[in-house]
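Chain residues, written in single-letter form:
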Amino acid sequence: MKEISLLKLYLIFLIISIFLSCSQIQQTTYQTVHIDSIYVRIDNDDEIKLKLYLADKYHPGDCYGMPSIRNSRYERKISPELLIKVKELLPNKTENEYDELIKQMNRIGIEQVETNEYNFFFKDGKCCWIIHYKGKLIMLGNTIYEKETEKTIEDVPC
């Protein structure tokens, strides 16, 4: 009976140790992959349309390792002007869906390479793996064509 109690105590200690070490790893990982330099410019309607297209199609996640509680200091405030533009371009969503779409748009990089042609890149964090996307978009009028999309998958500790 005493051996079972010691075994239970040892297992509880082991579980707590693993949890604490994973929590510290996750916090470091989340901070190093957070992308501050990519965000949606309100003065560029083409960029908004392209990022909205990609966010609505891929729904990129932001979990880059073991899931944890989000730290609110990393949350970017949503611009009211951007929210209005997104609602005009993609009506009939809930407020939560708009918030999530805009957060996803903020994680997508777009660069214009020629008239109507753009390169895009983003990470889709799914906690135990990260999918890296990059490719080209062509925008003719209000129609967006996606071509040459490259996708690589990276396993991460979770």
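All of these numbers come straight from a predicted model, not from anything done at the bench.

Student: Would you take a moment to explain the pattern of salt bridges for this structure?
Tutor: In a structure, side chains of opposite charge can pair up when their charged atoms sit close to one another. Applying the stated criterion to the full structure yields nine salt bridges. With its nearest N and O atoms 3.2 Å apart, the salt bridge here joins Asp 124 to Lys 126. Among the residues examined, Asp 124 registers a relative accessible area of 3% and is labelled buried. Salt-bridge contacts for Glu 148 lead to Lys 147; the nearest nitrogen and oxygen are separated by 4.0 Å.

Student: Just to check I follow, could you spell out helix 4 (residues 95–106) for this structure?
Tutor: A turn of α-helix holds 3.6 residues, and therefore any two residues three or four places apart point the same way. An ideal rise of 1.5 Å per residue puts 16 Å on twelve residues; helix 4 measures up with 17 Å between its terminal C-alpha atoms. Along helix 4, the residues classified as buried are Tyr 98, Leu 101, Ile 102, Gln 104, Met 105 and Asn 106. On its buried side, helix 4 packs onto helix 2 (45–58) and helix 3 (80–89).

Student: Help me understand the pairing of strand 4 (residues 129–140), please; the structure alone is not making it clear to me.
Tutor: Every regular strand shows the same layout, with side chains that alternate between the two sheet faces. Direction of pairing for strand 3 (residues 117–126) relative to strand 4: antiparallel, over a ladder of nine bridges. Its bridge partner being in strand 4, Phe 121 is matched across the sheet by Lys 134. The hairpin formed by strand 3 and strand 4 contains two residues between the paired strands, and Cys 127 there has a positive phi angle of roughly 70°. In this structure, strand 4 lies alongside strand 5 (residues 143–155), joined through eleven bridges in antiparallel fashion. Note that in strand 5 the partner of Ile 138 across the bridge is Tyr 145. Hairpin connection of strand 4 to strand 5: two residues between the antiparallel strands, including Gly 141 at a positive phi of 65°.

Student: So what exactly am I meant to see when it comes to the packing of aromatic side chains here?
Tutor: Two aromatic rings, taken as a pair, are described by how far apart their centres are and by the angle between their planes. Under the criterion given, the structure shown has four aromatic pairs. Between Tyr 58 and Phe 122, the ring centres sit 5.5 Å apart and the planes meet at 55°, which makes this aromatic pair tilted. Pair noted here: Tyr 58 is in helix 2 and Phe 122 is in strand 3, with a separation of 64 residues, a long-range link. In this structure, Tyr 58 and Phe 122 share a single accessibility class: buried. Both rings, one in Tyr 58 and one in Tyr 133, keep their centres 4.6 Å apart while their planes meet at 50°; by these two values the pair is tilted. Of this pair, Tyr 58 sits in helix 2 while Tyr 133 sits in strand 4, placing them 75 residues apart in sequence. Given a relative accessible area of 15%, Tyr 58 falls into the buried group. Here the aromatic residues Tyr 58, Phe 120, Phe 122 and Tyr 133 are joined through ring pairs into a cluster of three or more.

Definitions and limits used
Residues numbered from 1 in each chain as written. Predicted model: local features only at pLDDT ≥ 70, side-chain atom pairs only at ≥ 80, totals over all residues. Heavy atoms only, no water. Salt bridge = Lys/Arg side-chain N within 4 Å of Asp/Glu carboxyl O. Buried < 20%, exposed > 50% of the residue type's maximum accessible area, 1.4 Å probe, protein only. Helix = DSSP H or I, 4+ residues; strand = E, 2+ residues; numbered from the N terminus. Expected span 1.5 Å × (residues − 1). Contact = heavy atoms within 4.5 Å. Pairing = 2+ DSSP bridges. Phe/Tyr/Trp six-rings, centres within 6.5 Å; stacked < 30°, edge-to-face > 60°.

None of the figures reported here should be taken as evidence of function without further support.
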